[in-house]
Amino acid sequence: MPTPAKAYAAQSATTPLAPFSFERRDPGARDVAIDILFCGVCHSDLHTARAEWDGTLFPCVPGHEIVGRVTAVGSEVTNFQVGDIAGVGCMVDSCGHCASCNDGEEQYCEGTGFVGTYNGPDPVLGGHTFGGYSDHIVVDEGFVLKVGHDEKDLAAVAPLLCAGITTYSPLKHWKVGPGQKVGIVGLGGLGHMGVKIAAAMGAEVYVFSTSPNKRDDAKRLGAKELIVSKDADQMAEHANSFDFILNTVAAAHDLDQFLGLLKRDGTMTLVGVPETPHPSPSVGNLVFRRRALAGSLIGGIAETQEMLDFCQRHGLTADIEMIDIQDIETAYDRMQKSDVKYRFVIDMQSLKNG
């Protein structure tokens with residue numbers, strides 16, 4: 001029998017998130033039930049809840065940066081037991097048999113497509129999935145992550161399930177490491193994790209920002225220097241010198257100013273999705289240095305576990321501001337103004353108490 005769940009949901013694009021009740025499935029043979037302790041607030045949550053992206057299904061319960069405690073497991077579950085700390089990221093299912101799924105790259109599933117933790121088709125109950133702004137969740141074991149960080153750090157671990165893997169995956173794929181000069185465009189929820197992870201991988205890291213006042217923070221996070229991207233002289237000093245640039249900005253902007261900073265055979269990878277397309281970059285900027293412009297989407301489950309283990313070894317967590325669920329609309333408004341360093345995380349005890 002399904003079990004009652006408490007949550008916060010948007011009933012439409014123009015209504016604020018408010019208390020909402022629904023039903024979760026009882027754990028099946030392969031399922032893990034998790035009492036949600038913390039849930040990060042991703043910009044995707046805001047885009048979806050306010051229907052700034054096409055395809056929002058209402059009521060919408062956002063949240064895909066989930067850390068909690070296992071409360072029940074199905075009879076076939078082998079990797080988790082009651083009491084474990086577990087994480088759930090951006091997806092809770094995929095077809096399981098296409099080329100990408102077979103390669104452990106479920107985020108690129110070519111069969112059904114991956115099932116989002118929220119706003120995706122619910123493969124068991126029908127309707128659509130509800131995310132982590134809720135008191136508990138039930139997920140197939142194949143999409144549950146082990147969290148080994150100290151329990152005092154769990155709130156700051158939650159954003160790793162999206163912001164962490166979104167930056168770790170391209171840094172790993174393009175083999176970032178010692179002896180490389182790496183740039184991170186934007187110092188927000190994604191960018192600050194990109195700096196931490198690239199520095200832990202041994203790279204010399206630079207931050208590109210329009211805000212000179214972020215210099216001290218950039219250095220604290222692990223960057224060697226901050227380059228003011230609207231300062232033509234500063235940018236020119238670094239022409240043809242970067243091995244890799246990770247561009248986290250989710251607003252349309254001139255890509256050529258960064259492509260021109262890449263060495264021959266350098267790559268710039270985009271992980272932010274703007275509401276309107278970027279201006280088309282100059283082909284000459286690519287052709288005459290054999291540069292590449294690429295994109296990357298989160299990471300597969302195995303790679304997400306690898307990222308969590310890497311962050312645990314290196315003592316990495318997100319810089320967070322904790323909020324109560326009742327303050328989510330204020331957090332959304334502040335997030336739109338980039339008024340957070342660098343990720344809001346909901347203490348889900350506030351939902352249970354409220």
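Now for a look at the structure at hand. Model, not experiment: these values are computed from the prediction. (Residues numbered from 1 in each chain as written. Predicted model: local features only at pLDDT ≥ 70, side-chain atom pairs only at ≥ 80, totals over all residues. Heavy atoms only, no water.)

Concerning the packing of aromatic side chains
Next up, step 1: Taken as a whole and assessed by the stated rule, the structure comprises eight aromatic pairs.
Next up, step 2: Consider the rings of Tyr168 and Phe310, whose centres lie 5.5 Å apart with planes at 55°: the pair is tilted. Here Phe310 lies in helix H10 (residues 301-314) and Tyr168 lies in helix H4 (residues 163-173), a separation of 142 residues in the sequence. Taken as a pair, Tyr168 and Phe310 share a single burial class, namely buried.
Next up, step 3: An aromatic cluster of at least three residues, connected via ring pairs, comprises Tyr206, Phe208, Phe242 and Phe258.
Next up, step 4: One Lys or Arg, Lys146, reaches over the ring of Phe80 and ends 4.6 Å from the middle of that ring.
Next up, step 5: Over the ring of Phe242 we find Lys181; its NZ or CZ atom is 4.5 Å from the centre of that ring. (Phe/Tyr/Trp six-rings, centres within 6.5 Å; stacked < 30°, edge-to-face > 60°. Helix = DSSP H or I, 4+ residues; strand = E, 2+ residues; numbered from the N terminus. Buried < 20%, exposed > 50% of the residue type's maximum accessible area, 1.4 Å probe, protein only. Lys NZ or Arg CZ within 6 Å of the ring centre and 35° of its normal.)

So, helix H5 (residues 189-200)
Next up, step 1: Here H5 is 12 residues long and its end C-alpha atoms lie 17 Å apart, about the 16 Å a rise of 1.5 Å per residue gives.
Next up, step 2: Of all 12 residues making up H5, 10 are buried, and the element is well covered by its neighbours.
Next up, step 3: Listed in full, the buried residues belonging to H5 are Gly189, Leu190, Gly191, His192, Met193, Gly194, Val195, Lys196, Ile197 and Ala198.
Next up, step 4: Structurally, H5 contributes buried residues whose contacts are with H4, strand S10 (181-185), strand S11 (204-209), helix H6 (215-221), H10 and strand S17 (343-347).
Next up, step 5: Once H5 finishes, Gly202 follows within two positions and takes phi at roughly 100°, a positive value. (Expected span 1.5 Å × (residues − 1). Contact = heavy atoms within 4.5 Å.)

Thoughts on the sheet that holds S11
Next up, step 1: The parallel open sheet is built from six strands, whose spatial order is S12-S11-S10-S13-S14-S15. Edge positions in the sheet fall to strand S12 (225-228) and strand S15 (292-295), since each has one partner strand and no second. If you compare each strand with its neighbour and ignore which way they point, the axes differ by 25° on average.
Next up, step 2: As defined by bridge partners, S10 adjoins strand S13 (residues 242-247) across four bridges and the pair is classed as parallel. The residue bridging Val182 from the neighbouring strand is Phe244, located in S13.
Next up, step 3: Contacts from H4 reach S10, S13 and strand S14 (262-270) within the one sheet, and its direction differs from that of S13 by about 155°. (Pairing = 2+ DSSP bridges. Axes fitted to C-alpha atoms, helices over the stretch in contact; angles between N-to-C directions.)

Notes on the pairing of S10
Next up, step 1: For S10, a buried count of five out of five residues is recorded, marking the element as mostly surrounded by other parts of the structure.
Next up, step 2: Residues Lys181, Gly183 and Val185 of S10 are buried on one face, and the alternating residues Val182 and Ile184, pointing to the opposite face, are buried as well.
Next up, step 3: In terms of strand pairing, S10 meets S11 through five bridges, oriented parallel. Considered in S11, the bridge of Gly183 is made with Tyr206.

Focus: the side chain of His64
Next up, step 1: Take His64: it is sitting in the loop between helix H1 (43-49) and strand S4 (66-73).
Next up, step 2: Each residue touching His64, except ones within four places of it in the same chain, is listed here: Cys39, Cys42, Ser44, Asp45, Val88, Gly89, Cys90, Thr117, Tyr118, Leu161 and Cys162.

Regarding the pattern of salt bridges
Next up, step 1: A complete count under the given rule lists 21 salt bridges for this structure.
Next up, step 2: A salt bridge links Asp217 to Lys341; its shortest N-O distance comes to 3.6 Å. Of this pair, Asp217 sits in helix H6 while Lys341 sits in the loop between helix H11 (328-336) and S17, and the two are 124 residues apart along the sequence.
Next up, step 3: Between Lys263 and Asp243 there is a salt bridge, and its shortest N-O distance comes to 3.3 Å. (Salt bridge = Lys/Arg side-chain N within 4 Å of Asp/Glu carboxyl O.)

Side note on the environment of Leu46
Next up, step 1: You can see Leu46 is positioned in helix H1.
Next up, step 2: Assessed through its relative accessible area of 0%, Leu46 is described here as buried.
Next up, step 3: Spatially, the C-alpha atoms of Leu46 and Ala331 are 9.8 Å apart, while their sequence positions differ by 285 residues.
Next up, step 4: The contacts of Leu46, once residues within four sequence positions are left out, are Glu52, Tyr332, Met335 and Gln336.

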